[in-house]
Amino acid sequence: MQALWKKPTDDGTYSEGSWIGTGGLSLNNLKTQDVMELARSTDAAETSTYWRIDFGRLVPLSCFAILNHNGTVQAKRRHVVTNSPTNSGAPVYDTGMERMRVATEIWGARPFGAFSFDGIDTAAYPGGTIDLHFAPSTVYGRYLFTYVNDVDNPAGYFQAGRFMAGEAWSHRVKYGFQVRTVDPSETRRTRGGRRLVRRRPRYRTMTMTFEAMTERDAFATGFEIENQLGKDGDFLLVYDQNDDPSIQFRRTIYAALVDTAGITTTSHRRYGWSMNAEELI
């Protein structure tokens, strides 16, 4: 399990590109927890659809995520970590241009002819549109540049609801991990027996248990996630960063804690912790 809960991108200073500064569509909306509070570029030109974050100091980064974006199947993205404010010279880390949308349909789940050969289902992208990148190892830099290339976007602009980057915490999960779709719709029966449903948006939950945790993992991470984030703090959970994308995005959620569980001493200097997280939509 990878958990991105420390997000230096929320404290950095955003600039560059060309973004709508009025009407609630500014670049700083990438910092807000509400993924429906969008940042929108003035047009789809490459000179408009990029941003720079100045952290003010060196920060560790290993996971990068753009949530609720409107990138097309042709859209590409590049993250550059550097210590140069103008991104000149050799970068600390450069992802290169990568596709923002990946194949999320499970092969063979639909009959031949109905299955999209690129495997991308834009109408039912699991968990909403998430562009995800993991670096091979943690990198350190003061500046982060993110470039988006989607000049033919029919909307005429690029927009996104959340940007998160930081060092993801990784730990083994006990068997019994559960991902569940919750349907809060209300149902009732009429006198004549008809079933009526008042439909409400579905969301997912993840329930997991961590065992044999060291003091560092238990108290510097598990305890602090509960203590610092509580029920209102947000984080990104990725069950397995090496999953095939067709499965990975079904087990990746932008979430908050349902409740706190506490740290349990399971044996000498070993600890247990459980997490119940619900998706933010």
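Because the structure is predicted, anything quoted here is derived from the model rather than measured.

## Observations regarding the overall build of the chain
A tally of regular secondary structure across the chain gives two helices and 19 strands. Its C-alpha atoms give the chain a radius of gyration of 20 Å, within 12% of the compact-globule value 19 Å for 281 residues. Overall size of the chain, expressed as C-alpha extent along the three principal axes, is 60 × 60 × 40 Å. Going through the 281 residues of the chain one by one, you find that 46% of them count as buried. Here the analysis covers contacts within the chain between residues at least 6 apart in sequence; of these, 73% occur between residues at least 24 apart. By element, 47% of the accessible surface of the chain is carried by carbon and sulfur atoms, the whole surface being about 14,200 Å². Side-chain charges of the chain comprise 33 positive and 32 negative groups, with the mean position of each set lying 7 Å from the other.

## Here we look at the domain arrangement of the chain
Along its sequence, the chain is organised into domain 1 (2–169) and domain 2 (178–279). Each of domain 1 and domain 2 was reduced to a C-alpha centroid, and the two centroids are 24 Å apart. Domain 1 puts 23 residues into the contact, and the matching count from domain 2 is 28 residues. Of the roughly 2,300 Å² buried where domain 1 meets domain 2, counting both sides, 66% is carbon and sulfur surface. Together, Q2, W5 and W169 form the three largest contributors to the area buried by domain 1 at its contact with domain 2, with a combined 32%.

## Considerations on the pattern of salt bridges
Overall, the coordinates contain 14 salt bridges when judged by the stated rule. A salt bridge links K174 to E211, with the nearest nitrogen and oxygen atoms 3.5 Å apart. In this pair, K174 is assigned in the loop between β11 (169–170) and β12 (178–182) and E211 in strand β15 (residues 203–213), connecting sequence segments 37 residues apart. What you see here is one network of salt bridges that share partners, running through K7, D10, R162 and D234.

## Some words on the pairing of β15
As paired elements, β12 and β15 share five bridges and run antiparallel to each other. If you follow T181 over to β15, its bridge partner there is R204.

## Concerning the environment of T266
Inspection of the secondary structure puts T266 in strand β18 (residues 263–267). Given a relative accessible area of 47%, T266 falls into the partly exposed group. Taking the C-alpha atoms as reference points, T266 and G192, 74 residues apart in sequence, are found 55 Å from one another. Excluding its chain neighbours within four sequence positions, the residues that come into contact with T266 are Y271 and G272.

## Examining unusual backbone geometry
In this model, N68 sits at a positive phi of 55°, which is unusual for a non-glycine residue. The residue N68 is located in the loop between β4 (50–67) and β5 (76–82) in this model.

## Here's the deal with the pairing of β18
Taken together, the four bridges between β18 and strand β19 (residues 270–279) define a ladder with antiparallel strand orientation. Of the residues in β19, the one forming a bridge with T265 is Y271.

## Digging into the environment of R142
On the secondary structure map, R142 appears in strand β8 (residues 130–149). Here R142 falls in the partly exposed class, since its relative accessible area comes to 31%. The spatial distance from the C-alpha of R142 to the C-alpha of V92 is 9.8 Å, given a sequence separation of 50 residues. Excluding residues that lie within four positions of it along the chain, R142 makes contacts with I53, D54, F55, G56, R57, L58, T82 and N83.

## Re the nonpolar core
One finds L30, W51, L61, F64, L144 and F163 to be the most contacted residues of the largest nonpolar core, which totals 24 residues. Elements with a contribution of two residues or more to this core: β4, β8 and β10 (162–166). It is β4 that contributes the most residues to this core, seven residues altogether. Residues in contact with F163, not counting those within four places in the same chain, are T9, D10, Y14, L30, W51, I53, A65, I66, H79, L144 and T146.

## Focus on the packing of aromatic side chains
Taken as a whole and judged by the stated rule, the model has 10 aromatic pairs. Their ring planes at 65° and their centres at 5.8 Å tell us that W19 and W51 sit as a pair that is edge-to-face. Within this pair, whereas W19 is found in the loop between β2 (13–15) and β3 (39–40), its partner W51 is found in strand β4, the two being separated by 32 residues in sequence. Exposure class is identical for W19 and W51. Each is buried.

Calculation rules
Residues numbered from 1 in each chain as written. Predicted model: local features only at pLDDT ≥ 70, side-chain atom pairs only at ≥ 80, totals over all residues. Heavy atoms only, no water. Helix = DSSP H or I, 4+ residues; strand = E, 2+ residues; numbered from the N terminus. Rg over C-alpha atoms; globule rule 2.2 N^0.38 Å. Buried < 20%, exposed > 50% of the residue type's maximum accessible area, 1.4 Å probe, protein only. Contact = heavy atoms within 4.5 Å. Areas by Shrake-Rupley, 256 points an atom, 1.4 Å probe, with all protein chains shown as cover. Lys, Arg positive; Asp, Glu negative; His and termini not counted. Charge placed at Lys NZ, Arg CZ, Asp CG, Glu CD. Domains from an automatic or database assignment. Buried area = accessible area lost by both parts, 1.4 Å probe. Salt bridge = Lys/Arg side-chain N within 4 Å of Asp/Glu carboxyl O. Pairing = 2+ DSSP bridges. Core = buried A, V, L, I, M, F, W, Y, C linked by side-chain atoms within 4.5 Å. Phe/Tyr/Trp six-rings, centres within 6.5 Å; stacked < 30°, edge-to-face > 60°.

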